[in-house]
Amino acid sequence: MDHFTYRAGVLCAEEVPLSLIAADVGTPVYVYSTATLTRHFKVFQEALSWTDHLICYAVKANSNIAVLKLLGDLGAGMDVVSIGEYARARAAGVPGERIVFSGVGKTREEMRLALEGGIRQFNVESEPELLALSEVATSLNLRAPVALRVNPDVDAKTHEKIATGKSENKFGIPIARAREVYAGAAALSGIEICGIDMHIGSQLTDLDPYRQAYAKMATLTRALRDDGHDIRRLDMGGGLGIPYRRDNNAPPLPIEYGQVIREAVGDLGCEIDIEPGRNIAGNSGVLLSSVIYVKRGGDRDFLILDAAMNDLIRPAMYGAHHDLVPVIEAAPGADRAAYDVVGPVCETGDIFEKGAALPPLGPGQLVAFRSAGAYGAVMASEYNTRPLIPEVLVHGDQFAVIRPRPSLEEILAREALPEWL
Ligand code: LLP
């Protein structure tokens, strides 16, 4: 459920008409809903209310500091994958003891800064990383709290570019080697083992892969305890999918996911951490855009928008679908036209949807891509020297710009000429 609905024929974010935001801030622009972000976070809290838990929001999904502060104030922890994301979480007021550091390639500098700043846990993905972390922690007279990310070799049945739990993927330690690597970790002076971590992929629409992975996690927990390790926290990763189309094929709900976790590991007495990103932020945001031209092609009409692949890359990168809706509601039974919806970037791949059925639209009219709150703004680039687009947060009948549109002067001023030119 989200809070983007038509009111008096105009698509609104909570109580604010998107046309008002477009007039005030310009398009393209990302618009997020406080009520939806809050609701999605609370649904996960409820799903894990049967146990001690921490919901570590995956910052990579939407890392705007205002979004992080909103979630942090509700009690969220954060899952970060770079010291940049760590700095964002801290700037949003989230204490180090609620921040988990994931990622296959943490540098020693990142480790040092996180250890000095305070950290809940490092999710370590390899033996060389373990050795580096131990050395950095020892040099600071600290012990780094560690969960090893274990690769369970299960098929998450999602897009190949976002599946992470098969043995061919770069992520985690092969589960068959886990006991040996834990034994090595326990012998390192700078490491304090606190748990196990897994993350098998993103946009999962089936709970079975979770069941398989978490069953392996339960078995491993018992084995590691037998080996004498203090396994007290299980990080189950993120990845629960969201409905990108408004049809009847909705993915499982967080409450059902919580039950899967409970059935698999509920009897182990561990604290449970999860790392949802998309499920919290995805349907909490839209990308609002204007039609620039309608162009008649040889055999089709093109709807040329002011948003492009550099603003929302998911369709070009993964063939992803984002429902596109007009901001002014079409009358029931109104005519529909078929458009290829494209952006202005000079690439054939700059296409959002082929043959989209929309009410007839003309220049200046507003449209919104739904489900754009996760992996939208964070994956944007300035390709074609198109400025990163602004972000707006709505709260009831108020809205605020939480990242302004940079001017061309600001963009150009970041560069420098060498003295010989
Ligand atoms: N934890 C770890 C270790 C992750 O790698 C990820 C996502 C998450 C949590 C959060 O997963 P979520 O709950 O958001 O599915 N850019 C792609 C998605 C990449 C996901 C990468 N890792 C997309 O637009 O679909």
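Note that the structure is a prediction, hence the values are computed from the model and not measured.

## Describing the pairing of strand 13 (residues 271–274)
Next up, step 1: In terms of strand pairing, strand 5 (residues 53–58) meets strand 13 through three bridges, oriented parallel. In the strand pairing of strand 13, L54 is matched with D273.
Next up, step 2: Pairing of strand 12 (residues 233–235) with strand 13 involves three bridges; the strand directions are parallel. Residue D235 lies in a different strand from strand 13, and its bridge partner there is D273.
Next up, step 3: Remark: the strand 12/helix 9 (residues 254–265)/strand 13 crossover connection has right-handed handedness.

## Focus: the site of the ligand
Next up, step 1: A58, S202, G238, G277 and Y375 are the nearest of the 20 residues found near the ligand.
Next up, step 2: The set of elements that each furnish at least two residues to the shell around the ligand consists of helix 10 (278–281) and helix 11 (314–318).
Next up, step 3: Taken domain by domain, the shell around the ligand gets at least three of its residues from each of domain 1 (4–31 + 282–413) and domain 2 (103–274).

## Some points on the UniProt feature "domain: Orn/DAP/Arg decarboxylase 2 C-terminal" (unreviewed entry) in the protein
Next up, step 1: Sites flagged by UniProt as "domain: Orn/DAP/Arg decarboxylase 2 C-terminal" (unreviewed entry) map to residues 30–373.
Next up, step 2: Across residues 30–373, the secondary structure splits into 30% helix and 24% strand, with the terminal C-alpha atoms separated by 8 Å.

## What about the nonpolar core?
Next up, step 1: Counting 121 residues, the largest nonpolar core has L18, V31, M78, V146, L148, L288 and A368 as the members making the most contacts within it.
Next up, step 2: With six residues, the single largest contributor to this core is helix 8 (residues 208–226).
Next up, step 3: Summarising the domain contributions, this core has at least three residues from each of domain 1 (4–31 + 282–413) and domain 2 (103–274).
Next up, step 4: Here L18 is in contact with L11, C12, A13, V31, L288, V327, L366 and A368, once residues within four sequence places are set aside.

## Details of the environment of L417
Next up, step 1: Looking at where L417 falls in the secondary structure, it is placed in the segment after helix 12 (408–413).
Next up, step 2: Between the alpha carbons of L417 and G362 there is a distance of 43 Å; along the sequence they are 55 residues apart.

## A short note on helix 8
Next up, step 1: In this model helix 8 runs 28 Å from its N-terminal to its C-terminal C-alpha over 19 residues, within 8% of the 27 Å that 1.5 Å per residue would give.
Next up, step 2: Two residues or fewer past helix 8, G228 is found with a positive phi of approximately 100°.

## Description of the sheet that holds strand 1 (residues 4–7)
Next up, step 1: The strand order across the open sheet formed by three strands is 1-2-3, and the pairing between neighbours is antiparallel. Bordering the open sheet on either side are strand 1 and strand 3 (16–17), each of which pairs with just one other strand.
Next up, step 2: By the bridge criterion, two bridges tie strand 2 (residues 10–13) to strand 3 in an arrangement that is antiparallel. Of the residues in strand 3, the one forming a bridge with A13 is V16.

About the thresholds
Residues numbered from 1 in each chain as written. Predicted model: local features only at pLDDT ≥ 70, side-chain atom pairs only at ≥ 80, totals over all residues. Pairing = 2+ DSSP bridges. Helix = DSSP H or I, 4+ residues; strand = E, 2+ residues; numbered from the N terminus. Right-handed = clockwise from strand over helix to strand, strands pointing away. Near = placed C-beta within 6 Å. Domains from an automatic or database assignment. UniProt positions renumbered as here; feature names shortened; annotations may be inferred. Core = buried A, V, L, I, M, F, W, Y, C linked by C-beta atoms within 7 Å. Buried ≥ 20, exposed ≤ 12 C-beta atoms within 10 Å, placed from the backbone. Contact = placed C-beta atoms within 7 Å. Expected span 1.5 Å × (residues − 1).

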